[in-house]
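The residues making up each chain are set out below.
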Amino acid sequence: MNETTSRALVGQLSEDISWLEQHCRQQKETALQAGQLRLAAALVRNAIGPYLDGQAPIPLHVTVVGGASSGKSTVVNLLAGAVAAEANAQAGFTRHPVCYTNANGAISWPAHLGFLGPLIRLNEPAPSSLDQDVYQVRRVTSDTASASLLENFVIWDCPDMTTWAAAGYIPRLLEICGLTDVLVYVASDERYNDAIPTQFLQMLLEAGKPVICTLTKMRAADAEAFLEHFRAEVLSKMPGSALNCMAIPFFTAQELANPTTGRVAEFRIKLLNQVSVLGYPPPVARARTVRLAANYLVLHSEQLLSVARDDLNALESWNAAVEAGRSEFEARYRQEYLATEKFRRFDEALIRLIELLELPGVGKVVSNTLWVVRTPFRLVKGWVQQNLQRQESVNQPELPVLETGLKGWLDFLRKEALQRSDSHAVWAHIEKGFDNNQLPNQAKEKFQLGYRAFQLGLANEVERTARSIYEELEKNPVLLNTLRGSKLALDAASIGGVVLAGGLNIWDVVLIPLAASVSQYLVEYLGAQYVEQQREETRNRQEALMKEHLAQPLGEWLTSWPSTGGSTYERLHQALKRIPGNLQELNEMVTGALARSGVAN
Amino acid sequence: MSTETMTSHAEPVLRTLAPLLTRLERSVRHWLDAKHLYPRKIVTLATLEGLADDLKRQAEQLKAEQPLLCIMLMGGTGVGKSSLLNALAGGAIAKASFARPTTMDPVVYYHESVKPEKFDPVLRTCHLASHDRMPLQHKIIVDTPDVDSTHLKNRDKLLQLLPVADVVIYVGSSEKYHDSIGHEIFKQQRKRRAFGFVLNKWDRCLHNNTQGLRPDEDWLNDLKNEGFTQPRFFRTVAQHWVDKANGVSENGELPPGEQFLELTEWLEQGLNRLEIDAIKVRGINLTFEQLERALHETAPPDLTDISARTRTSWEKLLDDEAHASADVLLNTLEPYQREIEHHFTVECYRRFRGLMSGYLTLITKIKYAGTSLRDHLPFLPRPSAAVETKSTWDVNQFTRACTSVAGERQLDARTRALSHRLLVEADKNGFPLELLNEPTENASKIDWRQRYADALMEVLQHVEQQWSKPTGPRRWINGVITIMANVMPPLVLFASYGLVLWNVFQLPGSGNMELSLQTVLLVPLAITLIFLVMLHLLIAVVLPLRWNRIRGEFHRELEERLNNALSTTFASIPKDRADALLEERRDVEKLVAEVREVAAWLEQRQQAANIGVLYGN
């Protein structure tokens, strides 16, 4: 394992997950899953990626999140030890993450491709209300207490997640949450049990982030009771548990103007201590972040991919429809063409076979004699055949049968697509393919190609089988002569039997031709049975050949149609195929890297 | 309606409106309950269901002496809805503390003179608090559960309550005035009822030198974008007034611009009787608007043209299908052409009598020996899946056997494919598929084999009849030949006998008597036979009876009949559906007309009332 492979892996994973997130956002009612996916992608590229890349653990990241106007900037200021973040009365003023660092602390940002995903660093200072995919770094001059924190940490002030404009910038917030080593969750007395922030807190706890909850704005006298209430009402229902809860009561604007002095300072030191403890020593803190992130990803990979379940079900139903159409197509070919096809070539083969059994050379005299003797039989047979043989029904030519079958198949699929186009985007996509004739035209081309190959295979097949009926015999003189001998023996035996049984008398004139005819009929009957069997086998082989060259390739092509041609579903397939394996691999890399670094888990 | 007495006051107008609303509600419900062919969206149905409830509720309220105005406080958890109500009431009637959620049970604040039984059923289950303040006599103020906490049941409860509200006071705080959940509900409801706004915790909104907008400015901007250019907007510090009522004055001075007193004033005096009536009327108008919109949404389209187009294109497909099916069916008859020829010949020759009949029966027997022999010879090779024919001709059995072979082989698959093809074609013509799907598939599932068998049998019998009992010029030829064939052979026989005998008796002894005896016996027979053969040839030339000729006839008739059968089953489907939809569309239009009628009536009265106001009443 080296840096290049880990970078490639991280790059691909974060790209795949991000793609899935985008896909998810296009659908309704999956906002929550989209959030989870964004967090997962952020964990991969912002926490695990840099670690595998060998980046230093410092700076650690402490991130402040909470509902609009819940007091995030107050908490940031407490951490920074100065009025770093402007307190805004306007709810949802901050629209992109702002990072605060020491005045002279040089921060080496991970020079990692894809770090912080789509967020671009602003080089010029800008108001935090700039609503773009950016982040900015601001330097603060702090007192000694905060300075020691800022040696190891940078502080992230994030946008809210509650206002109606937040839908547009929650992804930025999640991007930073993926990066973070310590999370400070801010809830005011008004917000502490809001549904959306609570959901957010739950997701971050699931993702294994160490969380410090700060409750703000209550009356100082209520602080203890309020903390108790918050633990019982909100935290007790969480999957993990927050590491710490603390209260920061309501302060006036004057008090907040100088966070290092007065009543405020007391709460500030408490908060600083809690954050510092979680970040000491930095390598351990970072290793923990990475370990927990990897655990979360592996444990929740199925849940993360579940957003694609609907897509997979829809693709599955398409497969089923294609299969149903295919079996109908095959059945129609069998019924409408094969069942009534006679394979005339085999009739010729039968004649050749019988001729072959006649004696050559001197034996020809015997054969000719017998032929003359059997004349009445031949005449009767001819008459009977002419009168009793049923006319055969006219068989339809093969190509039209196949073409009609294909048309039926496509019609069936199109009907299904029309019916289900409202149920899922896959079906709508297919319907569109039918609508602009792209799918049927391609299918017809595919059919033409397959048909040509099928014809080539077929020409050989029938000709070869039919010819082999007599050629096999011609090539095998021993067998041929044995058969000829047996036939002669049969003729001789039947004639001889007649003569021996009745002696030579007038009746022999009738009986001898009859006996010769009976033996001939027997031979012809056996030959016909043999050819018939070959014919039946050819029929089966032809069906198999059709399936191999036409039905199967067409079916496979149709099945994969929605997920090819650069469509969404092709990408989906790729992402779904790659993500689980890549996550496992990433986990192993993390385990390896942690073991090598020697930091206890 | 013009006979209604014009009144100068709004009240009687509202009261006479009640039965109209009830009638309208009944119509809407009737329409909702009726079965419909056109698929209706669940969302629209739910909307209509809700609107019917609204109508009922409004009608109920209007029946009262003076309608009660229902004012609801809506907002996030902790914004101070309860504090606001307590402040308005001047005492703790609603629980308010940080240990929320406190307002699981909504609180209804009402005048003691109003009987709670008159409340809407949803309100009756709430916590009731009565008062004796006359200015609020005809208003009830409801403190609702929050919209945004983790207790999702609270939100459901609020959504249950909201339809009852005439006026919603959306309470925001410095933190929550911008929150998404409340905003969504506001956007959903604003088209349906009146809205006022309170920005509570005003004291926390006043930061110095901040970058962003002040919350009230920010919120007013939002509201402007939603169309509220001059909203009823109050900035309050409810807690201050609660503390004051309790005799505690912890927070000292009120911040500048606090408007709690103005809010009270508006609630008590501003919302006077005239305004209440106007709000009620406006509420009803909004209900009408919503109703009309929802009905328009659910009205089925007019498919008359499309169905005609669909029919045309279907007929073409059905023609092709009939042709192909006739081919297939006829193909299954092909092996039995000799049987059919035989049968036809027998039928045709039945009209001959006497000698001719005997002669033809004999010839036919010899000629078609095979067809009757075949089934008695077990060792003869037979085509696989052969139809078992009896030596006695049974059309019924024969055709059924033929069609079942054809069905198994091709026709069943063809019929399935046909229904798909038709549906695709209909879609190309713009016909909504969900309407055609069921009838078309059903039509393709009926017993087509039976139909094909029937058609085939009819055709066989019909063609046979045509051949044995022809019409037109052939009938005359036929008649002449029949008479000739029936009459002439015996005549020829007798004549030749007569001639021979005449010759024998005329010339006695001139020839060999023995020889002439044979001549006497055989020559007339030979002459007759030759005559019969010649007649037979004549019949064969004039009335040929060969499979090839019958086949064409068969095909034509079969195709016609199949086309008929397919058309009657399939081609009428689009039209039937379109007609049914048109009927449904008319129902909706009728309903819309009814709504408009009541709305027009209301507008007329409203104008009358307004004019009355103008004139100082």
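Basis of the calculations
Residues numbered from 1 in each chain as written. Chains lettered and ligands numbered in written order. Predicted model: local features only at pLDDT ≥ 70, side-chain atom pairs only at ≥ 80, totals over all residues. Helix = DSSP H or I, 4+ residues; strand = E, 2+ residues; numbered from the N terminus. Buried ≥ 20, exposed ≤ 12 C-beta atoms within 10 Å, placed from the backbone. Contact = placed C-beta atoms within 7 Å. Rg over C-alpha atoms; globule rule 2.2 N^0.38 Å. Nonpolar A, V, L, I, M, F, W, Y, C, P; charged D, E, K, R; others polar. Axes fitted to C-alpha atoms, helices over the stretch in contact; angles between N-to-C directions. Parallel < 35°, antiparallel > 145°, perpendicular 65-115°, else oblique. Left-handed = near helix turned anticlockwise from the far one by under 90°. Domains from an automatic or database assignment. Pairing = 2+ DSSP bridges. Right-handed = clockwise from strand over helix to strand, strands pointing away. Core = buried A, V, L, I, M, F, W, Y, C linked by C-beta atoms within 7 Å. pLDDT = per-residue confidence, 0-100.

### Digging into the overall build of chain B
Phase 1: When its secondary structure is counted, chain B shows 20 helices and 7 strands.
Phase 2: The burial tally for chain B puts 36% of its 617 residues in the buried class.
Phase 3: Nonlocal contacts in chain B, meaning residues at least 24 apart in sequence, comprise 79% of its contacts between residues at least 6 apart.

### A short note on the overall build of chain A
Phase 1: A count of helices and strands for chain A gives 21 helices and 8 strands.
Phase 2: Its C-alpha atoms give chain A a radius of gyration of 43 Å, more than 25% over the compact-globule value 25 Å for 601 residues.
Phase 3: Each principal axis of the C-alpha atoms in chain A carries an extent, and together these give about 145 × 50 × 45 Å.
Phase 4: Considering chain A as a whole, with its 601 residues, one finds that 41% of them fall into the buried category.
Phase 5: Within chain A, contacts between residues at least 6 apart in sequence are counted, and of these 81% link residues at least 24 apart.

### Re the interface of chain A and chain B
Phase 1: With 51 residues of chain A at the contact, the number on the chain B side is 52 residues.
Phase 2: Broken down by secondary-structure element, the contributors of at least two residues to the side of chain A that touches chain B are α6 (195-206), α7 (223-233), α12 (309-336), α15 (375-388) and α16 (398-420) of chain A.
Phase 3: Ranked by the residues each element gives to the side of chain A that touches chain B, the list is headed by α16(A), at 7 residues.
Phase 4: A breakdown of the residues in the side of chain A that touches chain B according to their chemical character gives 18 nonpolar, 19 polar and 14 charged.

### Overview of the packing of helix α10 (residues 282-299) of chain A against helix α21 (residues 568-597) of chain A
Residues and elements named next belong to chain A.
Phase 1: One can describe the packing of α10 onto α21 by two numbers: an axis separation of 10 Å at closest approach and a directional angle of 155 degrees. Between α10 and α21, the angle is such that the two are roughly antiparallel. Crossing handedness for the pair α10 and α21: left-handed. Of the residues in α21, those touching α10 at A287, V290, R291, A294, L297 and V298 are L583, Q584, L586, N587, V590, L594 and S597.
Phase 2: The residue makeup of the contact of α10 with α21, split by class, is 9 nonpolar, 3 polar and 1 charged.

### Some points on the domain arrangement of chain A
Phase 1: Split into domains, chain A comes out as domain 1 (56-288) and domain 2 (310-564).
Phase 2: Computed from C-alpha coordinates alone, the two centres of domain 1 of chain A and domain 2 of chain A are separated by 80 Å.

### Re the packing of helix α13 (residues 345-357) of chain A against helix α18 (residues 438-475) of chain A
Residues and elements named next belong to chain A.
Phase 1: At a minimum axis distance of 9 Å, the contact between α13 and α18 shows a crossing angle of 5 degrees. When the axes of α13 and α18 are compared, the pair comes out roughly parallel. Along its contact with α13, which presents R345, F346, A349, R352, L353 and L356, the element α18 presents V462, E463, A466, I469, Y470, L473 and E474.
Phase 2: Looking at the contact of α13 with α18, its residues break down into 9 nonpolar, no polar and 4 charged.

### Considerations on the pairing of strand β5 (residues 167-172) of chain B
Residue and element names in this part refer to chain B.
Phase 1: Of all the 6 residues making up β5, 6 are buried; the element is thus mostly covered by neighbouring parts of the structure.
Phase 2: Residues V167, I169 and V171 point to one face of β5 and V168, Y170 and G172 to the other, with burial holding for every one of them.
Phase 3: Across 5 bridges, strand β1 (residues 69-75) lies against β5 in parallel orientation. What sits directly across from G75, in β5, is V171.
Phase 4: Pairing between β5 and strand β6 (residues 194-199): 6 bridges, direction parallel. In the sheet register, V167 faces β6, and the bridge partner there is A194.
Phase 5: The parallel pair β5 and β6 is bridged by helix α6 (residues 180-189), and the resulting crossover is right-handed.

### Observations concerning the sheet that holds strand β5 (residues 153-157) of chain A
Phase 1: Sheet architecture is open: 8 strands sit in the order β3-β4-β2-β5-β1-β6-β7-β8 (chain A), paired in mixed fashion. Of all the strands in the sheet, the pair left with one neighbour each is β3 (120-121) and β8 (244-248) of chain A.

### Digging into the environment of B:D302
Phase 1: Along the polypeptide, B:D302 turns up in the loop between α10 (273-298) and α11 (304-333).
Phase 2: Sequence-distant contacts of B:D302, that is, excluding residues within four places in its chain, are made with B:L582 and B:R585.

### Digging into helix α3 (residues 72-80) of chain A
All names here are of chain A.
Phase 1: In terms of burial, α3 is largely enclosed, as 9 of its 9 residues are buried.
Phase 2: Turning to α3, its buried residues are K72, S73, T74, V75, V76, N77, L78, L79 and A80.
Phase 3: One or two residues past the end of α3 sits G81, with phi positive at roughly 70 degrees.

### Overview of the sheet that holds β6(B)
Residue and element names in this part refer to chain B.
Phase 1: In spatial order, the strands read β3-β2-β4-β1-β5-β6-β7; together these 7 strands make up an open sheet with mixed pairing. On the outer flanks of this sheet lie β3 (127-131) and β7 (233-235), each paired with one strand and no other. Between one strand and the next, the sheet's axes are offset by a mean angle of 20 degrees, whatever the strand orientation.
Phase 2: With 3 bridges joining them, strand β2 (residues 107-111) and strand β4 (residues 139-143) adopt antiparallel strand pairing. Counterpart to Y109 in the pairing with β4 is I141.
Phase 3: Contacting β1, β2, β3, β4, β5 and β6, helix α3 (residues 81-89) runs over the sheet at an angle of about 145 degrees to β4.

### Brief notes about the nonpolar core
Phase 1: Counting residues in each nonpolar core, the largest one holds 128 residues, and the members touching the most others are A:L43, A:I48 and A:I155.
Phase 2: In terms of residue count, the dominant contributor to this core is helix α2 (residues 31-52) of chain A (12 residues).
Phase 3: Counting residues domain by domain, this core receives three or more from each of domain 1 (56-288) and domain 2 (310-564) of chain A.
Phase 4: Discounting chain neighbours no more than four positions away, the residues touching A:I155 are A:V62, A:V64, A:V76, A:L79, A:A80 and A:Y100.
Phase 5: One finds B:I71, B:L88, B:V167 and B:C205 within the second-largest nonpolar core, a separate group that totals 57 residues.

### Regarding the domain arrangement of chain B
How large an interface is tends to be reported as the accessible area lost when its parts come together.
Residue and element names in this part refer to chain B.
Phase 1: Here chain B is partitioned into domain 1 (59-298), domain 2 (304-470 + 545-584) and domain 3 (473-542).
Phase 2: The interface of domain 2 with domain 3 comprises 9 residues on the first partner and 12 residues on the second.
Phase 3: Classifying every residue of the side of domain 2 that touches domain 3 gives 6 nonpolar, 1 polar and 2 charged.

### Some thoughts on the confidence of the model for chain A
Phase 1: Chain-level pLDDT for chain A is 85 on average; 95% of the residues reach the 70-or-more range.
Phase 2: Element-level pLDDT for chain A is lowest in α15(A), with a mean of 79, against a maximum mean of 94 in strand β6 (residues 182-188) of chain A.

### A closer look at the environment of A:L511
Residues and elements named next belong to chain A.
Phase 1: Summarising the element assignment, L511 is placed in helix α20 (residues 508-560).
Phase 2: Judged by the 18 C-beta atoms lying within 10 Å of it, L511 falls in the partly exposed class.
Phase 3: Expressed as a C-alpha distance, the spacing of L511 and V498, which sit 13 residues apart in the sequence, is 6.9 Å.
Phase 4: Excluding residues that lie within four positions of it along the chain, L511 makes contacts with V498 and G502.

### Topic: the confidence of the model for chain B
Residue and element names in this part refer to chain B.
Phase 1: The predicted model of chain B has a mean per-residue pLDDT of 82, with 88% of residues at 70 or higher.
Phase 2: Taken as a whole, residues 377-391 scores under 50 in pLDDT and shows 17 contacts with residues more than four places along the chain or in a different chain.
Phase 3: Listed scores for the predicted complex are pTM 0.77 and ipTM 0.76.

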